[in-house]
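Analysis of the macromolecular model
Letter by letter, the chains look like this.
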Number of protein chains: 2
Amino acid sequence: MSNNINERVGKLRDYLRKNGLAAFIFPSTDPHQGEYVPEHWQTRKWISGFDGSAGTAVVTLSDAALWTDSRYYIAAEQQLQGTPFKLMKDGQAETPSITEWLCQQLTENNVVGVDGEVFTETEIEEMQAALGMAGIMLKTDLNPAEELWTDRPPIPKNKVEIQPLEFAGESAESKIERVRQALREQKANGILISQLDDIAWLLNLRGSDVHCNPVFVSYVLLTLDEVTLFIDSEKLDDSVKNYLNKIGVRVKPYGEFQTLSISPLKGEDKAQKASPLRGGLVGSLKSIKNAAEIAGFRRAMIRDGVAMVKFLHWLNPAVEAGGQTELSIDRKLTALRAEQDLYRGFSFDTIAAYGPHGAIVHYEATPESDVKLEPKGFLLLDSGTQYQDGTTDITRTIALGPLTDEERLDYTLVLKGHIRLALTRFPDGISGTQIDALARYAMWQHGINYGHGTGHGVGSYLCAHEGPHQIRHTWKPAPLHAGMTVTNEPGIYRQGKHGVRIENTMLIVEDGETEFGKFLRLEPLTLCPIDLTPVLWNMMTAEEVAYINAYHEKVYEELSPLLTEEERLWLKVQCVAMPSQP
Amino acid sequence: MSNNINERVGKLRDYLRKNGLAAFIFPSTDPHQGEYVPEHWQTRKWISGFDGSAGTAVVTLSDAALWTDSRYYIAAEQQLQGTPFKLMKDGQAETPSITEWLCQQLTENNVVGVDGEVFTETEIEEMQAALGMAGIMLKTDLNPAEELWTDRPPIPKNKVEIQPLEFAGESAESKIERVRQALREQKANGILISQLDDIAWLLNLRGSDVHCNPVFVSYVLLTLDEVTLFIDSEKLDDSVKNYLNKIGVRVKPYGEFQTLSISPLKGEDKAQKASPLRGGLVGSLKSIKNAAEIAGFRRAMIRDGVAMVKFLHWLNPAVEAGGQTELSIDRKLTALRAEQDLYRGFSFDTIAAYGPHGAIVHYEATPESDVKLEPKGFLLLDSGTQYQDGTTDITRTIALGPLTDEERLDYTLVLKGHIRLALTRFPDGISGTQIDALARYAMWQHGINYGHGTGHGVGSYLCAHEGPHQIRHTWKPAPLHAGMTVTNEPGIYRQGKHGVRIENTMLIVEDGETEFGKFLRLEPLTLCPIDLTPVLWNMMTAEEVAYINAYHEKVYEELSPLLTEEERLWLKVQCVAMPSQP
């Protein structure tokens with residue numbers, strides 16, 4: 001692999017010289033702002049070999065560097081070995097930003113190249129301002145991958161399907177009308193929608209162009225009078241064409257979007273400058289789930305919980321019998337999920353991370369990294385499924401046998417954080433940033449912290465990571481409201497030792513109104529027992545124990561009718577009510 | 001008063017017509033970004049009559065409105081009665097922003113006037129952008145107060161004093177060198193300092209131009225080679241002139257600043273565009289207190305605590321004896337503080353708020369509002385002192401007699417929030433926004449919240465409200481570091497009933513380093529017993545009771561040697577260790 005990378009960087013440098021450039025920036029984004037980028041746009045992976053979901057590669061004539069965040073420090077270090085890329089650890093005080101680094105590396109009047117299509121306008125403006133301070137220019141109409149990436153995968157052309165109303169809960173016509181209503185309130189003429197899950201949600205369509213995400217590559221231009229879908233028409237069979245026609249959506253070729261002058265939006269009318277040209281509005285509407293979507297989530301969580309319980313019941317004896325690895329148990333879990341109704345595949349690549357691998361926050365087992373599971377220590381298992389009626393995202397950390405005191409302490413602190421957040425009543429409309437600390441308080445007291453966010457939205461048969469809200473230590477202004485889904489997933493990671501994370505997908509629900517306003521709380525949607533064998537019970541408050549007992553009672557009630565007798569008895573033991581410590 | 005206001009608004013509208021304006025905006029700011037604005041610049045109070053510390057008045061040819069935040073809703077409603085101003089409640093979803101409201105009121109090509117000197121450049125740009133969307137223009141070189149405010153107070157000309165090195169802890173030369181070092185790191189040529197407490201800190205000077213704040217009206221231009229102080233030279237006696245000469249600070253007339261072309265800063269050199277032209281840098285240096293400043297705070301807190309204990313010992317019997325009012329007890333407290341060494345006056349106007357007045361967050365008793373204190377219910381007392389070695393800010397809520405169940409509950413929840421924040425260990429460098437929820441958790445569980453922030457920095461014989469850090473529900477990115485002061489002041493306010501707030505000024509201290517980084521915690525600087533008579537002890541955890549007991553032990557230890565025998569015995573009872581509930 002590293003040989004390929006050296007060769008590609010060499011060819012890129014020839015391209016830079018030929019085009020009068022001093023550097024090129026390859027981000028992890030595509031023109032549709034998705035987290036999972038179709039291979040066609042994975043130019044950063046192509047040039048650097050680093051395959052994490054977040055990272056930016058920069059190549060100059062004499063140097064090369066890759067920025068990524070704490071989730072990927074360890075993985076990136078491994079993958080960049082033998083390549084010209086040095087790792088730049090984003091989020092550490094001593095790490096320069098990309099533009100700071102370029103200002104150090106380059107000199108006045110140098111030109112940096114980017115493919116303008118895969119950046120937002122704001123990003124381009126910020127780069128221009130930062131580089132401009134050192135007299136460096138930015139050229140945005142370049143795409144070296146087009147020329148140099150000889151076996152570049154094409155833009156996918158998979159078929160689009162209709163998401164039935166029984167699952168979507170609201171017709172596309174009604175959604176379009178709600179968007180128009182918001183546009184009228186904002187005195188905007190229209191909106192360009194480039195985010196693929198926003199398009200899928202709006203039109204009640206699903207696809208399979210992007211790994212793990214049931215979306216299709218397209219754009220939508222929605223004005224007060226018209227809706228135009230820019231998409232390769234090969235993807236639409238007659239039933240979908242008829243459906244689009246019926247709901248008044250015009251279809252134009254995907255490529256035509258690039259040449260669109262958007263004259264109705266870029267005209268003289270001042271009011272439309274307020275138009276949210278890229279996203280925001282549709283994402284906010286999508287984030288509040290309707291009754292049918294919530295009912296779908298509940299059904300999907302029962303099926304996913306049944307698969308998880310069958311898996312967990314099987315796991316420990318299988319590990320003790322020997323021969324199981326990270327990859328083999330992932331296959332087993334996938335097979336159990338695939339038996340469930342409305343199964344449509346992964347919602348993200350499973351993280352099955354044994355022992356020290358658990359400390360690599362976004363570890364993905366490969367044939368090279370795969371290890372045998374021993375009957376000791378922790379298995380961290382973060383996985384999710386696309387069901388047609390709901391997307392799941394669950395993490396369990398499972399004791400495969402004896403644990404160290406540190407493993408028990410870390411597990412207990414993560415569980416306390418998870419429960420504290422679940423117990424928190426909070427004012428309607430506050431940002432997730434404002435409640436993030438509640439998941440961290442217990443571990444902070446022990447001098448422990450984690451670098452990732454605590455929660456993200458989950459789509460309704462859409463993306464496992466859905467915005468705009470998050471529960472996060474960095475500022476995410478999007479307000480929390482009833483009807484949103486959000487995960488609750490604190491963790492502790494000790495490099496070279498273990499990782500612990502406990503995650504349920506939650507629904508934000510109303511919790512009364514007082515003279516101080518409306519209040520909300522989180523209700524678990526995920527149904528799966530939480531391993532209690534690692535818990536240090538003397539550290540748990542009565543309130544925390546009561547929460548666990550109530551959750552396990554609900555898990556048993558919902559899942560036990562769908563299990564074999566042996567599985568049911570196993571679940572009963574997992575869900576037995578624990579006494580509070582005096 | 002309302003007659004005066006109607007007359008002034010009438011004259012302003014004549015001015016608007018004469019100058020071709022459709023509206024004028026009067027903010028609460030002055031050219032020096034201070035919280036307390038010298039009367040000379042209090043144009044918003046002059047035009048509207050509203051005297052709160054935050055608020056913006058807008059007058060159009062046919063309408064007038066005043067925006068203020070939840071702290072002042074009640075006070076503003078009262079003060080605006082009979083005037084043309086309607087109250088706009090900032091922070092409520094249905095309240096339009098000032099520019100939104102102007103866009104509704106005015107039409108294309110209308111012109112809005114402001115005095116550009118009292119806004120920051122960013123504020124001007126944001127207003128221009130927002131108004132521009134509706135085709136409305138902004139004119140920034142207008143000052144109607146100059147023409148219409150006939151008895152406008154002059155800019156104060158009080159004498160400037162040297163803050164001795166034993167209190168300042170670092171020479172002005174050393175501070176200037178640290179600022180220059182930061183400028184060199186940022187490749188900036190210089191910095192304009194307009195914030196008065198930044199200037200006072202930098203030069204180790206103090207003044208008395210601004211109510212409650214020992215600062216003096218001036219500007220500083222600090223370049224890599226020179227420091228120029230723009231100030232009315234009448235304010236400087238020979239000793240101060242000699243001092244400034246000795247430390248290499250040039251003095252120029254205050255008025256000259258306005259005509260300064262700042263050519264060395266506005267030249268062609270690109271690097272200096274990174275220069276923080278207004279504040280930020282100096283404020284960050286100032287916020288970390290040195291050892292002498294911390295020692296000064298500790299001494300000042302002992303003296304302030306002694307005054308508070310003498311006052312509290314006197315209070316309840318005096319109220320029972322009859323004849324005490326909000327104003328009379330404030331006079332008593334002030335007299336006790338004035339007896340203390342190094343006393344230099346209030347650090348802000350005392351809030352002595354009895355019963356329902358406690359719910360008016362920034363209540364200030366006036367002869368008209370003053371009420372008699374009865375031996376029942378709560379007195380909320382928020383006060384602070386300027387001592388030459390440290391500024392204090394303390395709130396106690398005191399039971400004057402029997403309480404309602406709701407008063408006891410609210411008091412207990414506020415105390416729990418105060419203690420939770422004080423017990424929190426947190427990572428170095430996070431924002432105060434990230435820990436704000438810990439002070440609210442207990443009351444949120446009861447459906448209660450408060451609209452103000454939880455904490456602010458406190459100056460070293462400077463402003464009682466000092467930035468840049470805060471502990472706040474809205475986003476304040478400034479990181480928390482060891483050596484900063486910050487208040488801890490959650491509250492609960494029930495309109496028409498009572499208010500509860502408990503506030504200590506805290507010092508941020510280091511609390512160890514682990515593999516996850518440095519951790520911090522808050523240590524109380526304020527020394528004064530917290531009234532325990534209202535506490536519902538069955539709601540308090542053992543950890544919370546232990547915190548209270550340790551705090552009271554420290555208060556007794558520090559203050560008891562400085563009290564009369566009778567006061568000492570009273571304090572001993574206040575500080576008796578409470579048992580934990582089983």
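Residues numbered from 1 in each chain as written. Chains lettered and ligands numbered in written order. Predicted model: local features only at pLDDT ≥ 70, side-chain atom pairs only at ≥ 80, totals over all residues. Heavy atoms only, no water.

Quick look at the relation of the copies chain A and chain B
The two copies are related by a screw motion: chain A maps onto chain B through a turn of 180° and a shift of 0.1 Å along the axis, at an RMSD of 0.1 Å. Here the two chains are linked by the operation of a two-fold rotation axis. Every residue of chain A has its C-alpha some distance from the rotation axis, and the shortest such distance is that of Gln-434 of chain A, at 3.1 Å. Here 97% of the contact residues of chain A are again contact residues in chain B; the copies associate through an equivalent surface. (Least-squares fit on C-alpha atoms with pLDDT ≥ 70 in both. Contact = heavy atoms within 4.5 Å.)

Looking at the side chain of Asn-449 of chain A
Secondary-structure assignment places Asn-449 of chain A in the loop between α17 (436–445) and β20 (455–457). Reaching out from Asn-449 of chain A, the side chain makes a polar contact with the side chain of Trp-444 of chain A at a distance of 3.1 Å. Residues within four places of Asn-449 of chain A in sequence aside, it is in contact with Arg-440, Met-443 and Trp-444 of chain A together with Pro-427, Phe-516 and Phe-519 of chain B. (Helix = DSSP H or I, 4+ residues; strand = E, 2+ residues; numbered from the N terminus. Polar contact = N/O pair within 3.5 Å; in protein donor to acceptor, adjacent residues only side chain to side chain.)

Examining the interface of chain A and chain B
At the interface, 37 residues of chain A touch 36 residues of chain B. For the pair chain A and chain B, the two sides together bury roughly 3100 Å², of which 58% comes from carbon and sulfur. Three residues, Tyr-441, Trp-444 and Phe-516 of chain A, lead the burial of chain A against chain B; their summed loss comes to 21% of the area buried on that side. Our count for the chain A to chain B interface comes out at two salt bridges. Note that Glu-515 of chain A and Arg-494 of chain B form a salt bridge whose closest N and O atoms lie 2.5 Å from each other. Linking chain A to chain B there are twelve residue pairs in polar contact (both at pLDDT 80 or more). Where the side of chain A that touches chain B is concerned, the elements lending two or more residues are α16 (405–423), β19 (426–427), α17 and β23 (491–494) of chain A. Broken down by element, the side of chain A that touches chain B gets its largest block of residues, five residues, from α17 of chain A. Across the side of chain A that touches chain B, the residue classes tally to 18 nonpolar, eleven polar and eight charged. (Buried area = accessible area lost by both parts, 1.4 Å probe. Salt bridge = Lys/Arg side-chain N within 4 Å of Asp/Glu carboxyl O. Nonpolar A, V, L, I, M, F, W, Y, C, P; charged D, E, K, R; others polar.)

So, the sheet that holds strand β13 (residues 343–346) of chain B
All names here are of chain B. Read across the open sheet, the three strands follow the order β13-β16-β17; overall the sheet is antiparallel. Two strands bound the open sheet, and with one partner strand each, they are β13 and β17 (390–391). Bridging between strand β16 (residues 385–387) and β17 involves two bridges; their strand directions are antiparallel. From the neighbouring strand, Tyr-387 faces β17, where its bridge partner is Gly-390. Of the strands in this sheet, β13 and β16 touch helix α14 (residues 326–338), which is tilted by about 160° from β13. (Pairing = 2+ DSSP bridges. Axes fitted to C-alpha atoms, helices over the stretch in contact; angles between N-to-C directions.)

Description of the confidence of the model for chain A
Residue and element names in this part refer to chain A. Residue-level pLDDT values for chain A average 93, and 96% of them are 70 or greater. Confidence over residues 263–278 falls short of pLDDT 50; this stretch has 36 contacts with residues more than four positions distant or in other chains. Prediction confidence for the complex, expressed as pTM and ipTM, is 0.89 and 0.88 respectively. (pLDDT = per-residue confidence, 0-100.)

A closer look at the pairing of strand β12 (residues 249–252) of chain A
Residue and element names in this part refer to chain A. Pairing geometry for strand β11 (residues 227–230) and β12, over four bridges, is parallel. Looking at the pairing, Val-227 lines up with Val-249 of β12. Regarding the hand of the β-α-β motif, the stretch spanning β11, helix α10 (residues 238–246) and β12 is right-handed. (Right-handed = clockwise from strand over helix to strand, strands pointing away.)

Some remarks on a negative patch on the surface
Residues and elements named next belong to chain A. Where like charges cluster on the molecular surface, the negative patch consists of Glu-121, Glu-123, Glu-125 and Glu-126. Along the chain, Glu-126 turns up in helix α5 (residues 121–132). In this structure Glu-126 comes out as exposed when scored by relative accessible area, which is 53%. (Patch = residues over 30% accessible without salt bridge, like charges linked within 9 Å, V, L, I, M, F, W, Y side chains within 5 Å. Areas by Shrake-Rupley, 256 points an atom, 1.4 Å probe, with all protein chains shown as cover. Lys, Arg positive; Asp, Glu negative; His and termini not counted. Charge placed at Lys NZ, Arg CZ, Asp CG, Glu CD. Buried < 20%, exposed > 50% of the residue type's maximum accessible area, 1.4 Å probe, protein only.)

Topic: the environment of Lys-376 of chain A
Residues and elements named next belong to chain A. One can find Lys-376 in the loop between β14 (351–354) and β15 (378–383). Between the C-alpha atom of Lys-376 and that of Gly-401, which follows or precedes it by 25 residues, the distance is 3.7 Å. Setting aside residues no more than four positions away along its own chain, Lys-376 makes contact with Tyr-354, Leu-400, Gly-401 and Pro-402.

Some details on the sheet that holds strand β14 (residues 351–354) of chain B
Residue and element names in this part refer to chain B. Taken together, the three strands give an open sheet; going across it, the order is β14-β15-β18, and neighbouring strands pair in antiparallel fashion. Where the open sheet ends on each side, the last strands, each with one partner, are β14 and β18 (394–399). Each neighbouring strand pair of the sheet contributes to a mean axis angle of 10°, computed without reference to strand direction. In the sheet, strand β15 (residues 378–383) pairs with β18 via six bridges, with the strands oriented antiparallel. Following the sheet pairing, Ser-383 is matched in β18 by Ile-394. Its contacts with the sheet put α14 on β14, β15 and β18, and the angle it makes with β15 is roughly 40°.

As for the packing of aromatic side chains
Residue and element names in this part refer to chain A. Considering all chains together, one arrives at 23 aromatic pairs over all chains under this definition. Between Tyr-219 and Phe-257 the ring centres are 3.6 Å apart and the planes differ by 10°, which places this aromatic pair in the stacked class. One end of the pair, Tyr-219, is in strand β10 (residues 219–223); the other, Phe-257, is in helix α11 (residues 256–259), with 38 residues separating them in the sequence. For the pair shown, Tyr-219 and Phe-257 are each scored as buried. An aromatic cluster is present here, built from Phe-24, Phe-26, Trp-46 and Trp-149 joined pairwise through their rings. When the ring centre of Tyr-450 is taken as origin, the NZ or CZ atom of Arg-440, which lies over that ring, is 3.8 Å away. (Phe/Tyr/Trp six-rings, centres within 6.5 Å; stacked < 30°, edge-to-face > 60°. Lys NZ or Arg CZ within 6 Å of the ring centre and 35° of its normal.)

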